[in-house]
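This is what each chain is made of:
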Amino acid sequence: MFRLKNMRKSTKSNLVTFGIVIGFYIVIQILSALGLLTSSLSGQLVPICSYVILAVSLNLTVGILGELSLGHAGFMSVGAFSGTIVWTTLYGQVPNWLGLLLSFVVGGVVAGLFGFIVGVPVLRLSGDYLAIVTLAFGEIIKNVMNACYLGYDSTGLHLSFKDAASMNMDPTGTMIINGAMGITGIKKASTFTIGIVLVILTLLVILNLINSRAGRAIESIRDNEIAARSVGINITKYKLMAFITSAVFAGIAGVLYSLNYSSLVAKKFDYNTSILILVFVVLGGIGNIRGSVIAAALLTVLPELLRAVNDYRMLIYAIVLIVVMIFSQSPQVVAWRKRILDGIRSRMKPGPKAKEVQ
Amino acid sequence: MALLEVSNLGIAFGGLQAVAQLDLKIEKGHLYGLIGPNGAGKTTVFNMLTGVYTPTEGNIVLDGKDITGKSPDLISKAGVARTFQNIRLFNDMSVLDNVKVALHNQIRYSMWTGILRLPAYREKEHEMDREALRLLKIFDLDKEASLKASQLPYGKQRKLEIARALATNPKLLLLDEPAAGMNPNETAELMNTVRSVRDQFGIAILLIEHDMNFVMGICEEITVLDYGRVIAHGDGKSIRNNPKVIAAYLGGD
């Protein structure tokens, strides 16, 4: 009896999350068909999906594993660059769907590889130290990509971290990454539909992971590392598993993001982006996957919606952040909210409808 | 051969010799007590037996296998489980999940089985639920299975720790002050529980406890530590009358 009820609870909660994503997709499609979608909003659709994936994947590290990572944009960056390189070099040589699929796979795998390389030494640390090292990782990636010149000609690949001239490339060669200018002339490929499919894929993998043997092991490390080890959890393995999974999806989100624009520069993936993603996670509720989805979507659209009051845009954005934070986190406000809700419920109870709601 | 054989075990933190020359023999299915004044090194012994600390000398042999200095997760796999003096539950997880985490190495399936929800996932999860509920029932916790561990009252949290430790299918269970903070009724109930756990699971239990009624009531053999060294060993009666033990507890020359 108990088991059935419990299983249903987590499954039901997950279904609501998927329902929200699919509902959002349908509403946007209808609005778009009716011509009600402003161009600024439709331009935000792919970034929304990208940020949702980033927030959900970061929540795996911050909320489920319980380690603060400030370098999520770094993984997004390596994913974006590797995926975009695959896309631009394969463009026209293989069918577009295959090129796209490969670029997402490569972006995810490369980011995951970086997750492993960074994770092995970094996960020995915890708390503030881990946060600082991941922050440094993000900055290193940004600066390395900013100084990276990559191209190819008939003699093969050429790479330099100084300038274009020192690549010794044939003048007829093709430039792939041009230092601070990044990758230009990308054929746009990301669509809202692809974005939503990737969001659903991310949610499926991460929610299923959380509600499994491995997910419980990860959560137990968050709650009490010493106790987790004492019941036989290999904490290095599960910390790495969470960290790498998180990085893989950050990489995929990076590819999705970069293929939405015609150019890709390393500067985009800086400290601010990492913090922005963390804000989504904290605002949506640490450990609350559905909260991350909603917070990422709303906070990505909000600055666009506030364009009408352009001068006060960032001011209102900041106020919204503070108000939401107080509303969702302050113990007094949470208690007050609960009282109000209970009041409404008890008033509704005698009615037949209230039962259906509950 | 005894289940656990500890010989000449010692650990020094810098210049401080916390435990020295400790010998301990634990037979299958028996109840042992480890007592001593505060700071005698009892919990340090537990931490060495479970791999939290690496001993600086001596060795620990469990069931013929040397587990000295192994990592805690390997020692757990080898068959030593423990509870903690200051309760360490997975507070934000449900009572049921606390036990299911501890079944980690008993009922296994791969990460991919979980992510892809292969048929084995449902089957193994059901098996875990059944086993976890069976353990919770022994401690009368099955009705609280869906609560968060932090929502349990203190006494039940202590019981949940024991249930969780048993889920790892141990050969040896270490209880660190299981009766701390309990009233006499709860302590008496706990004594029965500990005894019945030993009988049902056929495992050896080594416990640290300050409540002498508890220790004398259920332990078949008692080791007394003082300043990191064994000062006495024997059954309850001989310990009670040992002048060294009395001096250690009450002071004297």
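Heads up: these notes are all about the structure in this document. Note that the structure is a prediction, hence the values are computed from the model and not measured. (Residues numbered from 1 in each chain as written. Chains lettered and ligands numbered in written order. Predicted model: local features only at pLDDT ≥ 70, side-chain atom pairs only at ≥ 80, totals over all residues. Heavy atoms only, no water.)

1. Examining the sheet that holds strand E2 (residues 16-26) of chain B
Residues and elements named next belong to chain B.
Reasoning step 1: Spatially, the 4 strands line up as an open sheet ordered E2-E1-E4-E5, and their pairing is antiparallel. Strands with a single pairing partner mark the edges of an open sheet, and in this sheet they are E2 and strand E5 (65-66).
Reasoning step 2: Across 2 bridges, strand E4 (residues 57-62) lies against E5 in antiparallel orientation. The residue bridging Val 61 from the neighbouring strand is Asp 66, located in E5.
Reasoning step 3: Contacting strand E1 (4-13), E2 and E4, helix H1 (residues 42-49) crosses the sheet at an angle of about 115° to E1. (Pairing = 2+ DSSP bridges. Helix = DSSP H or I, 4+ residues; strand = E, 2+ residues; numbered from the N terminus. Contact = heavy atoms within 4.5 Å. Axes fitted to C-alpha atoms, helices over the stretch in contact; angles between N-to-C directions.)

2. Quick notes on helix H10 (residues 235-258) of chain A
Reasoning step 1: Compared with the 34 Å implied by 1.5 Å per residue over 24 residues, the 34 Å span of H10(A) between its first and last C-alpha is a close match.
Reasoning step 2: Of all 24 residues making up H10(A), 20 are buried, and the element is well covered by its neighbours. (Expected span 1.5 Å × (residues − 1). Buried < 20%, exposed > 50% of the residue type's maximum accessible area, 1.4 Å probe, protein only.)

3. A few points about the sheet that holds strand E3 (residues 174-178) of chain A
Residues and elements named next belong to chain A.
Reasoning step 1: Taken in spatial order, the 3 strands of this open sheet run E2-E1-E3, and their pairing is antiparallel. In the strand order of this sheet, the two ends are held by strand E2 (156-160) and E3, each with one partner. Strand-to-strand, the axes of this sheet are offset by a mean angle of 15°, without reference to chain direction.
Reasoning step 2: Alignment of strand E1 (residues 149-153) against E3, held across 4 bridges, turns out to be antiparallel. Its bridge partner being in E3, Gly 151 is matched across the sheet by Met 175.

4. What about the interface of chain A and chain B?
Reasoning step 1: Listed as interface residues are 29 residues of chain A and, on the opposing side, 37 residues of chain B.
Reasoning step 2: Both sides of the chain A and chain B interface together cover about 3000 Å² of buried area, and 61% of this is carbon and sulfur.
Reasoning step 3: Residues Glu125(B) and Arg216(A) are paired through a salt bridge, measuring 2.9 Å at the closest nitrogen-oxygen approach.
Reasoning step 4: Listed by contribution, the elements that provide at least two residues to the side of chain A that touches chain B are helix H1 (2-33), helix H7 (192-210), helix H8 (213-223), helix H9 (225-230) and H10 of chain A. (Buried area = accessible area lost by both parts, 1.4 Å probe. Salt bridge = Lys/Arg side-chain N within 4 Å of Asp/Glu carboxyl O.)

5. Some words on helix H11 (residues 271-284) of chain A
Residue and element names in this part refer to chain A.
Reasoning step 1: Compared with an ideal rise of 1.5 Å per residue, which puts 14 residues at 20 Å, H11 spans 20 Å between its outermost C-alpha atoms and is within 8% of the ideal.
Reasoning step 2: Taken together, the buried positions of H11 are Thr 273, Ser 274, Ile 277, Leu 278, Phe 280, Val 281, Leu 283 and Gly 284.
Reasoning step 3: The secondary structure elements touched by the buried residues of H11 are helix H3 (45-64), helix H4 (72-90), helix H12 (289-305) and helix H13 (313-329).
Reasoning step 4: Just past H11, the residue Gly 285 takes up positive phi, approximately 105°.

6. Details of the nonpolar core
Reasoning step 1: Formed by 148 residues in total, the largest nonpolar core has its most connected members in Leu203(A), Ile233(A), Leu160(B), Leu173(B), Val194(B), Ile205(B) and Leu207(B).
Reasoning step 2: Shared between two domains, this core holds at least three residues of each, these being domain 1 (1-79 + 170-253) and domain 2 (93-167) of chain B.
Reasoning step 3: In this structure Leu160(B) touches Leu89(B), Val95(B), Asn98(B), Val99(B), Leu136(B), Leu141(B), Ala149(B) and Leu152(B), once residues within four positions along its chain are discounted.
Reasoning step 4: Within the second largest apolar cluster, 29 residues are counted, among which are Leu34(B), Ala40(B), Ile67(B) and Ile75(B). (Core = buried A, V, L, I, M, F, W, Y, C linked by side-chain atoms within 4.5 Å. Domains from an automatic or database assignment.)

7. Observations concerning the packing of aromatic side chains
Reasoning step 1: Taken as a whole and assessed by the stated rule, the structure comprises 11 aromatic pairs over all chains.
Reasoning step 2: Look at Trp87(A) and Tyr91(A): their rings are 5.3 Å apart centre to centre, the planes differ by 70°, and that puts the pair in the edge-to-face class.
Reasoning step 3: A network of ring pairs unites the aromatic residues Tyr51(A), Tyr257(A), Tyr261(A), Phe269(A) and Phe280(A) as a single cluster.
Reasoning step 4: Between the NZ or CZ atom of Arg88(B) and the centre of the ring of Phe84(B), over which it lies, the distance is 5.5 Å. (Phe/Tyr/Trp six-rings, centres within 6.5 Å; stacked < 30°, edge-to-face > 60°. Lys NZ or Arg CZ within 6 Å of the ring centre and 35° of its normal.)

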